[in-house]
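Analysis of the macromolecular model
Below, each chain spelled out in residue letters.
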Amino acid sequence: AAPELFEAIAGQALTRFREFNSQDMANTVWAFATAAVAAPLLLEAIAGEASGRIREFNSQNMANTVWAFACIGWERSQL
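Every value quoted in this text rests on a predicted model; they were computed, and no experiment measured them.

1. Let's talk about helix α4 (residues 59-71)
Spanning 13 residues, α4 covers 18 Å between terminal C-alpha atoms, matching the ideal 18 Å at 1.5 Å per step. Turning to α4, its buried residues number three or more, namely N61, T65, A68 and F69. The arc that holds every buried residue of α4, seen down its axis, measures 95°, which confines them to one face. Exposed residues lying more than 90 degrees from the buried face of α4 are S59 and A70.

Here's what the structure looks like:
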């Protein structure tokens, strides 16, 4: 993984995550989990946003999101 790139993406995503649709959220957490890059502030923000908008997720987005949080051992959120 390219830590500087992921750090820059995390910083930008933190300012815009409320604009993300369910696929954007799923893709973002999937990318960070797949690359094994820690971004706790971003992931916590997305977890909270996703929890409040769970009805917007289709089955694929839900599966990818849950898989990503499980892969990184996420325990801090309501997911």
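What follows picks up the thread again.
2. Details of the nonpolar core
A general feature of soluble globular proteins is that nonpolar side chains tend to end up buried together. Judged by nonpolar contacts, the single largest core of 21 residues is most densely connected at F20, M25, V29, F32, L42, I46 and F69. Of all elements in the fold, only α1 (3-16), α2 (22-34), α3 (40-52) and α4 reach the threshold of two or more residues within this core. Looking at which element gives the most residues to this core, the answer is α3, with six residues. Setting aside anything within four residues of it in sequence, one finds I46 in contact with F17, F20, M25, T28 and V29.

3. A short note on α2
Taking 1.5 Å of rise per residue, the 13 residues of α2 would be expected to cover 18 Å, and the 18 Å separating its terminal C-alpha atoms lies within 8% of that figure. Buried residues of α2: S22, M25, A26, T28, V29, F32 and A33, and no others. Projected onto a plane normal to the axis of α2, the buried residues spread over an arc of 165° and lie on a single side. Tucked into the core, α2 has its buried residues touching α1, α3 and α4. Measuring from the side-chain oxygen of the N-cap residue of α2 to the backbone nitrogen of Q23 gives 2.9 Å; that N-cap residue is N21. With its phi angle positive at about 55°, A36 sits one or two positions after the end of α2.

4. Concerning the packing of aromatic side chains
On inspection of all chains with the given rule, the structure shows two aromatic pairs. Pairing F6 with F32 gives two aromatic rings, centres 5.0 Å apart and planes at 80°, and the pair type is edge-to-face. A residue pair is termed long-range when its members are at least 10 positions apart, and F6 in helix α1 and F32 in helix α2 qualify at 26 residues. Summarising the burial analysis for this pair, F6 and F32 share the class buried.

What counts as what
- Residues numbered from 1 in each chain as written.
- Predicted model: local features only at pLDDT ≥ 70, side-chain atom pairs only at ≥ 80, totals over all residues.
- Heavy atoms only, no water.
- Helix = DSSP H or I, 4+ residues; strand = E, 2+ residues; numbered from the N terminus.
- Expected span 1.5 Å × (residues − 1).
- Buried < 20%, exposed > 50% of the residue type's maximum accessible area, 1.4 Å probe, protein only.
- Arc of directions from axis to C-beta.
- Core = buried A, V, L, I, M, F, W, Y, C linked by side-chain atoms within 4.5 Å.
- Contact = heavy atoms within 4.5 Å.
- Polar contact = N/O pair within 3.5 Å; in protein donor to acceptor, adjacent residues only side chain to side chain.
- Phe/Tyr/Trp six-rings, centres within 6.5 Å; stacked < 30°, edge-to-face > 60°.

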